[in-house]
Amino acid sequence: MTDTNTTDTRVPAARTPGRTAAPPAAAVRPGLRERGARWMAALFLAPTVVGIVVFTVVPIVGSVVLSLFHWNVIDPPRFAGVSNYREVFGDRTVLVSFRNTLVFMVLAVALQLVVALVLAITVNGRMPVWLRSAFRSAFFFPLVLSAASISVVMKYLFNHDFGVVNWLLGLVGIAPVPWLTSEHAAMAAVVLVYVWQQFGFSFLLFVGGLNNIPKEVHEAAALDGATGLRKHLSVTLPLLSPTLLVASVVGIINALQVFEQPYVLTDGGPGDSTRTVVMVIYETAFEQLRFGEASAVGVLLFVLVMAVTALQFRLSRRFVHYQ
């Protein structure tokens, strides 16, 4: 039988005068939390979105609009319609620059990817950790240097009369090569200088991709008898194909916009043999003050970059294998 006279010894919780207890967390409406999360996400994304709009979208739209006008900065713009594009397609220098840029892209990107891949596989092999770190730093170092300063130094190294390159070739009995004054040799010199500076980025991508390949895969391939070149062709390259796609896309986009190396090394010469599209844009806009025609060339270059990139992703469905 329960004793009704038992005194309740529980002490009531102290309450602060003038304050109401906060509602439990479960009582907060889910919609309020979701709106707060969305506002927080928008706050973090705002700097990036504003940067893309201001520095990418607005210049692209402005270039497209400006390509429809004749403007020399001094006089007011005059509407020209598509006449700027007709002048561009009828200009031999512009057409030659597009051809040179495409040739440069093929040579530079192919050489860059091959050199970076071979060096990445070599460095990723058996060697002391300190030596591997030293190689990684040395190969990436040219990428942080100014392309213009590197090109100035390389211009002296490739000089026909007193350049170090021809001096080294003379030690093995090869006659001096007119690197910067011959059409074919000038393009080769520009490609070599560009690749020397840019391959470090692809090198680091390949090193990261190789480290992500499970060791068990190579061990299984070795048990099946795959060694050396066969192992890399049958195992390493298929597993590295996503990284190869990224490196090729970035490499092609950068190569299509090459400017500093040919401008400093050869100034587009001899003749127009190393003149690139970006050089034509610079000369047309800032030397000839024909900003409408320069914008038209820029729009065509943008279309070319987008078309080549889209083609790469289209073809990647056949050779890119994701784990």
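The following paragraphs examine the structure supplied in this document. (Residues numbered from 1 in each chain as written. Predicted model: local features only at pLDDT ≥ 70, side-chain atom pairs only at ≥ 80, totals over all residues. Heavy atoms only, no water.)

### Things to note about the overall build of the protein
Within the protein, the secondary structure is distributed over 12 helices and 2 strands. When the elements of the protein are put in sequence order from the N terminus, they spell out α-β-β-α-α-α-α-α-α-α-α-α-α-α. Counting across all 323 residues of the protein, residues that qualify as buried make up 33%. Considering only contacts in the protein between residues 6 or more positions apart, those separated by 24 or more positions represent 67%. Summed over all atoms, the accessible surface of the protein reaches about 20400 Å², with 68% contributed by carbon and sulfur. (Helix = DSSP H or I, 4+ residues; strand = E, 2+ residues; numbered from the N terminus. Buried < 20%, exposed > 50% of the residue type's maximum accessible area, 1.4 Å probe, protein only. Contact = heavy atoms within 4.5 Å. Areas by Shrake-Rupley, 256 points an atom, 1.4 Å probe, with all protein chains shown as cover.)

### Quick look at helix H3 (residues 92-123)
What sets the pattern is the α-helix's 3.6 residues per turn: residues three or four places apart point alike. Over its 32 residues, H3 runs 46 Å from end to end, which matches the ideal 46 Å to within 8%, given 1.5 Å per residue. N-capping of H3 is provided by Asp-91, with a side-chain oxygen placed 3.0 Å from the backbone N of Thr-93. (Expected span 1.5 Å × (residues − 1). Polar contact = N/O pair within 3.5 Å; in protein donor to acceptor, adjacent residues only side chain to side chain.)

### A look at a nonpolar patch on the surface
Together, Leu-45, Val-49, Val-50, Ile-52, Val-53, Val-54, Phe-55, Val-57, Val-58, Val-61 and Val-65 make up a nonpolar patch on the protein surface, roughly 960 Å² of accessible area in all. In this structure, Val-61 sits in helix H1 (residues 30-66). The class of Val-61 is partly exposed, set by a relative accessible area of 46%. (Patch = residues over 30% accessible without salt bridge, like charges linked within 9 Å, V, L, I, M, F, W, Y side chains within 5 Å. Salt bridge = Lys/Arg side-chain N within 4 Å of Asp/Glu carboxyl O.)

### Some details on the packing of aromatic side chains
To describe a pair of aromatic rings, you give the distance between the ring centres and the angle between the ring planes. This model, assessed by the stated rule, comprises 13 aromatic pairs. When the ring of Phe-135 is compared with that of Phe-139, the centres are 5.7 Å apart and the planes differ by 20°; the resulting orientation is stacked. One end of the pair, Phe-135, and the other, Phe-139, are both in helix H4 (residues 129-140), 4 residues apart, so they sit about a helical turn from each other. Classification of Phe-139 as buried rests on a relative accessible area of 16%. Within the aromatic cluster, the residues linked to one another by ring pairs are Trp-71, Phe-259, Tyr-263, Tyr-282, Phe-286 and Phe-291. (Phe/Tyr/Trp six-rings, centres within 6.5 Å; stacked < 30°, edge-to-face > 60°.)

### Side note on the environment of Gly-271
Residue position: Gly-271 is located in the loop between helix H10 (260-265) and helix H11 (277-287). For Gly-271, a relative accessible area of 57% translates into the label exposed. Taking the C-alpha atoms as reference points, Gly-271 and Glu-183, 88 residues apart in sequence, are found 7.9 Å from one another.

### A few points about H11
Residues Val-277, Met-279, Val-280, Glu-283, Thr-284 and Ala-285 constitute the buried set of H11. In this structure, the buried residues of H11 make contact with H3, H10 and helix H12 (291-319). Of the residues flanking the end of H11, it is Leu-289, one or two places downstream, whose phi is positive at about 55°.

### Regarding the side chain of Thr-101
Counting through the fold element by element, Thr-101 comes out in helix H3. Here Thr-101 is in contact with Ala-255, Leu-256, Thr-276 and Val-277, once residues within four sequence places are set aside.

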